[in-house]
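# Working through the structure, step by step
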Amino acid sequence: MDTIASLFSFITTPVSWVIVQFHKVYGAVFGPDTGWAWGLSIVSLVILIRICLIPLFVKQIKATRAMQTLQPEMKKIQERYKNDKQRQSEEMMKLYKETGTNPLSSCLPILAQSPFFFALYHVLNAIANNDTIGSINQSLLDSAQKAHIFGAPLAAKFTDSSSDVAALDASLTTVRIVTAVMIVMMSASQFYTQRQLMTKNVDTTVKTPFMQQQKMLMYVFPVMFAVFGINFPVGVLVYWLTTNVWTMGQQMYVIHNNPTPGSKAQAAYLERLTKHVTNHGKTRSRGEKAIVKAIVAKGRDRNEFERKFINALSKTGLVAQADGTVVKGEAQAAAETEDGTPATGGTPKRQQPKRQSKSQRQSGGASGAPKAADEPTSLTKSDEPEDAKPAAPAKKQPGGNTRSKAQSGQRKGPQRPKSPSKK
């Protein structure tokens, strides 16, 4: 064991012990000297580590979203103190302290994995150098050296010489093909993970330098994995490929069920949530209630997708409550009977009066009481001849002209005198 590994034996010893315990289980099924037994032991080590890191992953999500929320304020500080870097840093630290955010929180899972990655690298390196380390004794060392994954030894690297690979009872061509395929898969999984984060789970309403940095990292990280991957043993490549696939699946789950506000993923999620709530009339899980509660609490600060969600509920007669539940609005409740079944016809319409026939109008209506015989109606003719009626006195018109009644096309009442025509 080299000096560096001996200094970090406090972490290499637990890692080697966990691998040995998993090897006992898988060795009983596949055989102790097979690549399946040792490969699955490494995969199980990764899964165990990532399960333990789930609380840190949740904290990373919260820290990342808090940083995205602060991007507009950070941009204002940078523009205000662009010529004073010291004052800019002071204002940034003050902003972090007031909001309770920490930029390093987003790096916690990577930092927490680093010791385990370092320990596994030294365990596999010791196997390649035929050295015992931690809980791996000589018999386990001989078994690990015999283990091959698709024809490549666990401790073999892409840069090994043909003599080094021959000592591990393998072919150099096989080792390079297997390691190259694993490096490509490792880089591709890293690129896809970062790409789905940028294209689906980033607030598109805020354009900040943080987004440009993330886009740059989307291309830088895969290149880094490809460059450094040629110096990693096959066992380490298995470890890193497994953790990349885990990260990708974990992130897909978060994007699908708890997307970033203002992102395309949130638009798709709220569309699915709208269909479910309108069909069932309620939220179905604690996560959905938490998201509805956050949307209601925002009030006027809701983004476009959240306003569409609230409006869609209102159109169906539903109202989102402050506790995250969804209830029926007053208009919807009024349209239902006491037993909960929808009332037929919905809201009662205004009844239009029936049109009466001419005979009904003359006789006072079909259902109404008949009018008295001496009561004149507007539709019955008077027996008195028109000539017997006293004529109304003609009103004098300005200018001395009098007319008995208005001619057609003229207004009734006093008329303005026409000006005399000029001859």
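The sections below set out a description of the structure shown in this document. In this convention, every chain numbers its residues from 1, walking through the sequence in written order. This being a predicted model, a pLDDT of at least 70 is required before a residue's local features are given, and a value of 80 or more before pairs of side-chain atoms are given or counted; all residues contribute to the totals for chains, interfaces and linings. Only hydrogens and water are removed before side-chain values are computed, so all heavy atoms of the structure are retained for them.

The next point concerns the nonpolar core. When a protein is soluble and globular, its nonpolar side chains tend to lie buried together. Here, nonpolar core means buried Ala, Val, Leu, Ile, Met, Phe, Trp, Tyr and Cys residues that are tied together by side-chain atoms lying within 4.5 Å of each other. Under the scheme applied here, a residue whose accessible area is under 20% of the maximum for its type counts as buried, over 50% as exposed, and between as partly exposed, the area being computed with a 1.4 Å probe on protein chains only. Core analysis: the largest hydrophobic core is formed by 45 residues, its most contacted members being Trp38, Leu45, Leu120, Ile127, Ile136, Val234 and Tyr239. Taken together, the elements giving at least two residues each to this core come down to helix 2 (9-30), helix 3 (35-52), helix 6 (108-128), helix 7 (138-146), helix 9 (172-200) and helix 11 (234-257). Only heavy atoms matter for contacts: two residues are in contact if any of them lie within 4.5 Å across the pair. The residues contacting Ile136, other than those within four sequence positions of it, are Ser16, Val20, Val123, Ile127 and Leu141. Helix and strand definitions follow DSSP, with helices as H or I runs of at least four residues and strands as E runs of at least two, each counted in order from the N terminus.

Residues qualify for a patch when their relative accessible area is over 30% and they have no salt bridge, like charges being joined within 9 Å and the nonpolar side chains of Val, Leu, Ile, Met, Phe, Trp and Tyr within 5 Å. Surface exposure here means Shrake-Rupley accessible area, sampled with a 1.4 Å probe, where a residue is shielded only by the protein chains that are shown. Salt-bridge detection follows one rule: a side-chain nitrogen of Lys or Arg within 4 Å of a carboxyl oxygen of Asp or Glu. Taken together, the side chains of Met216, Val220, Val223, Met224, Val227 and Phe228 present a nonpolar region at the surface, about 540 Å² in accessible area. By secondary structure assignment, the location of Val227 is in helix 10 (residues 209-229). Using a relative accessible area of 47% as the deciding quantity, one classes Val227 as partly exposed.

In this section: the packing of helix 3 against helix 11. Helix axes use the C-alpha atoms of the stretch in contact, all axes being lines fitted to C-alpha atoms, and the angles between their N-to-C directions lie in the range 0 to 180 degrees. Relative orientation of the contacting elements helix 3 and helix 11 amounts to 40°, with a least axis distance of 9 Å. Relative to helix 11, helix 3 is oriented oblique. The chirality of how helix 3 crosses helix 11 is right-handed. Contacts between helix 3 and helix 11 involve Gly39, Ile42, Val43, Val46, Ile47, Ile49, Arg50 and Ile51 on the former and, on the latter, Gly235, Val238, Tyr239, Thr242, Thr243, Trp246, Thr247 and Gln250. Taken together, the residues of the contact of helix 3 with helix 11 break down into nine nonpolar, six polar and one charged. An angle below 35 degrees is read as roughly parallel, one above 145 as roughly antiparallel, one from 65 to 115 as roughly perpendicular, and any other as oblique. Should the near helix be turned counterclockwise from the far one by less than a right angle, the crossing is left-handed, whereas a clockwise turn marks it as right-handed. Three classes are used: nonpolar for Ala, Val, Leu, Ile, Met, Phe, Trp, Tyr, Cys and Pro, charged for Asp, Glu, Lys and Arg, and polar for all others, with Gly counted as polar.

By the element assignment, Asn125 lies in helix 6. In sequence terms Asn125 and Ala156 are 31 residues apart; their C-alpha atoms lie 9.0 Å from each other.

What follows covers the pattern of salt bridges. Tallied over the full model, the rule gives four salt bridges. Linking Lys298 and Glu306 is a salt bridge whose minimum nitrogen-to-oxygen distance equals 2.8 Å. Residue classification places Lys298 among the partly exposed positions, given a relative accessible area of 28%.

Fair warning: the whole summary comes from geometry, so function is off the table for now.
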